[in-house]
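Listed here are the chains, written in short residue letters.
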Amino acid sequence: MSQKTPEGRLETVLVVEDDPTLRLGLQKTLRSAGFRVEVAKTGAEGLSMALAARPDLVLLDVMLPGMNGFEICEELRRHDADLPILMVTAKGEEQDKVRGLRLGADDYIVKPFGVSELLARVDAALRRRRLGEAERALVQFAEVVIDFRAHRVERRGAPVELTALEMKLLRFFVEREGALLPRQRILDAVWGADYFGTDRTVDNFINRLRAKLEPDPKSPRHLVTVRGAGYRFTRAPAPETER
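The shown structure was predicted, so the numbers you read here are calculated from the model rather than taken from an experiment. (Residues numbered from 1 in each chain as written. Predicted model: local features only at pLDDT ≥ 70, side-chain atom pairs only at ≥ 80, totals over all residues. Heavy atoms only, no water.)

Topic: the nonpolar core
Line of reasoning, step 1. If you look at the biggest cluster of nonpolar residues, it comprises 27 residues, and the most contacted ones within it are Ile146, Val153, Leu169, Phe173, Ile186 and Trp191.
Line of reasoning, step 2. A per-element tally of this core places helix 6 (residues 164-174) first, with 6 residues.
Line of reasoning, step 3. Contacts of isoleucine 186, omitting those with residues within four sequence positions, involve Leu169, Phe172, Phe173, Leu181, Trp191, Val202 and Tyr231.
Line of reasoning, step 4. The next biggest cluster of nonpolar side chains, apart from the first, holds 19 residues, and it includes Val16, Val58, Val62 and Leu83. (Core = buried A, V, L, I, M, F, W, Y, C linked by side-chain atoms within 4.5 Å. Buried < 20%, exposed > 50% of the residue type's maximum accessible area, 1.4 Å probe, protein only. Helix = DSSP H or I, 4+ residues; strand = E, 2+ residues; numbered from the N terminus. Contact = heavy atoms within 4.5 Å.)

So this is what it looks like as C-alpha cells:
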C-alpha cells in the first residue's frame, strides 16, 4: 500500500503502457491501493514525464511505439540511479529479463499477472527505496560527511565539489559497502551497459574521488584496490594489505 513521502504527498507511480485496456486497469488498481497515478502512452512521452515529474516508481512496458522500454530504462538510469523501475512485458525470455536488469531495472513482471503479485512487487520496490533513503541520506566516514539528498559533500567541515557522475559513483560504492566490485560491474551500473569505456575509465574516476576524499590519496583507506579483482569501499580504515 502507498505511504506518504517525506514531503507529505502520496507516492506517485508512472505507468508507461500503450495498451489502453491494460493502462486503464493498472491505473485503477494502483489508485485503489492509494497511489497517485500518472500515465503515458508512448516511450517518448513516458521518458519526458519521468524526467519532469520525478515519480516514486515507474511501471514500464517493454514493447512501446517509438522508444522501447529498454531504451527508456537506460536513459532514466543516467539521470536517477535510485528510481524504482519495474519492467512490464509479455516477453518472458530469459535474455530479455537479463537485458532489462542489466540496464538498471529493479524487477521484471511478465504478463499476464495478478493484481496481488503486481501490488506486492510495487510495494517491495518502494519499500527498498524508503529504507535506502532513510539509511543513506547522511553518510559519514573519517573526516567526510555526505548528504545525498542535498547533493553535498564536506571534508573537515569544508565543502567538496563533486560532479554528478562522481557523486553517482560514490553513491554506488556507499550503497555496497564492503562488497568487492569488479571494474566491469562498476562501468555497467554507473556509466550504463552500452557505454564503451575501459578499466582506465573507472580507475581515473576512483583516483579523482580519492584525491578529494581520502586523507592520503596515495595510500587510500576507504576506496581501496583489491588487486586483480576491483575495488571495495569501507567506512572503517581498510587493512594495510588492501591499501
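Observations regarding the pairing of strand 4 (residues 85-89)
Line of reasoning, step 1. Taken across its 5 residues, strand 4 has 5 buried, putting it largely inside the fold.
Line of reasoning, step 2. Residues Ile85, Met87 and Thr89 point to one face of strand 4 and Leu86 and Val88 to the other, with burial holding for every one of them.
Line of reasoning, step 3. One crossover worth recording links strand 3 (residues 57-61) to the parallel strand 4 by way of helix 3 (residues 69-79), and it is right-handed.
Line of reasoning, step 4. Looking at chain direction, strand 4 and strand 5 (residues 107-110) are connected through 4 bridges and run parallel. When the sheet's bridge partners are listed, valine 88 is paired in strand 5 with isoleucine 109. (Right-handed = clockwise from strand over helix to strand, strands pointing away. Pairing = 2+ DSSP bridges.)

Quick look at the side chain of aspartate 56
Line of reasoning, step 1. Structurally, aspartate 56 can be placed in the loop between helix 2 (43-53) and strand 3.
Line of reasoning, step 2. Look at aspartate 56 and you get buried, because its relative accessible area is 7%.
Line of reasoning, step 3. Separated by 2.7 Å, the side chain of aspartate 56 and the backbone nitrogen of threonine 12 make a polar contact. (Polar contact = N/O pair within 3.5 Å; in protein donor to acceptor, adjacent residues only side chain to side chain.)

Structural notes on the pattern of salt bridges
Line of reasoning, step 1. Counted under the stated rule, the structure contains 18 salt bridges.
Line of reasoning, step 2. The salt bridge involving aspartate 188 is made with arginine 102; its shortest N-O contact spans 2.5 Å. Taken together, the residues span a long stretch of sequence, with aspartate 188 in helix 7 (residues 183-191) and arginine 102 in helix 4 (residues 94-102) at a distance of 86 residues.
Line of reasoning, step 3. Judged by its relative accessible area of 14%, aspartate 188 is buried.
Line of reasoning, step 4. What makes arginine 102 partly exposed here is its relative accessible area of 47%.
Line of reasoning, step 5. The partner of glutamate 143 in a salt bridge is arginine 155, and the shortest N-O contact between them spans 3.6 Å. (Salt bridge = Lys/Arg side-chain N within 4 Å of Asp/Glu carboxyl O.)

Comments concerning unusual backbone geometry
One can expect most non-glycine residues to show negative phi and most peptide bonds to be in trans.
Line of reasoning, step 1. The step from lysine 111 to proline 112 runs through a cis peptide bond, and the omega angle for that step is -5 degrees.
Line of reasoning, step 2. One can find proline 112 in the loop between strand 5 and helix 5 (115-136).
Line of reasoning, step 3. Look at arginine 54: it is not a glycine, yet its phi comes out positive at around 50 degrees.
Line of reasoning, step 4. Counting through the fold element by element, arginine 54 comes out in the loop between helix 2 and strand 3.
Line of reasoning, step 5. Residues other than glycine seldom take positive phi values, yet alanine 142 does so here, at roughly 50 degrees.
Line of reasoning, step 6. Looking at where alanine 142 falls in the secondary structure, it is placed in the loop between strand 6 (138-141) and strand 7 (144-147).

Digging into the sheet that holds strand 1 (residues 12-16)
Line of reasoning, step 1. Here 5 strands make up an open sheet; going across it, the order is 2-1-3-4-5 and the pairing parallel. Either end of the sheet is taken by a strand with one partner, and the two such strands are strand 2 (36-40) and strand 5. Neighbour-to-neighbour, the strand axes of this sheet turn through a mean angle of 20 degrees, independent of strand direction.
Line of reasoning, step 2. Two elements, strand 3 and strand 4, share 4 bridges in a ladder whose sense is parallel. By the bridge assignment for strand 4, valine 58 is matched with isoleucine 85.
Line of reasoning, step 3. Taken strand by strand, helix 1 (residues 20-32) contacts strand 1, strand 2 and strand 3, and its axis lies near 165 degrees from that of strand 2.
Line of reasoning, step 4. Packed onto the sheet, helix 3 meets strand 3, strand 4 and strand 5 and runs at close to 175 degrees relative to strand 4. (Axes fitted to C-alpha atoms, helices over the stretch in contact; angles between N-to-C directions.)

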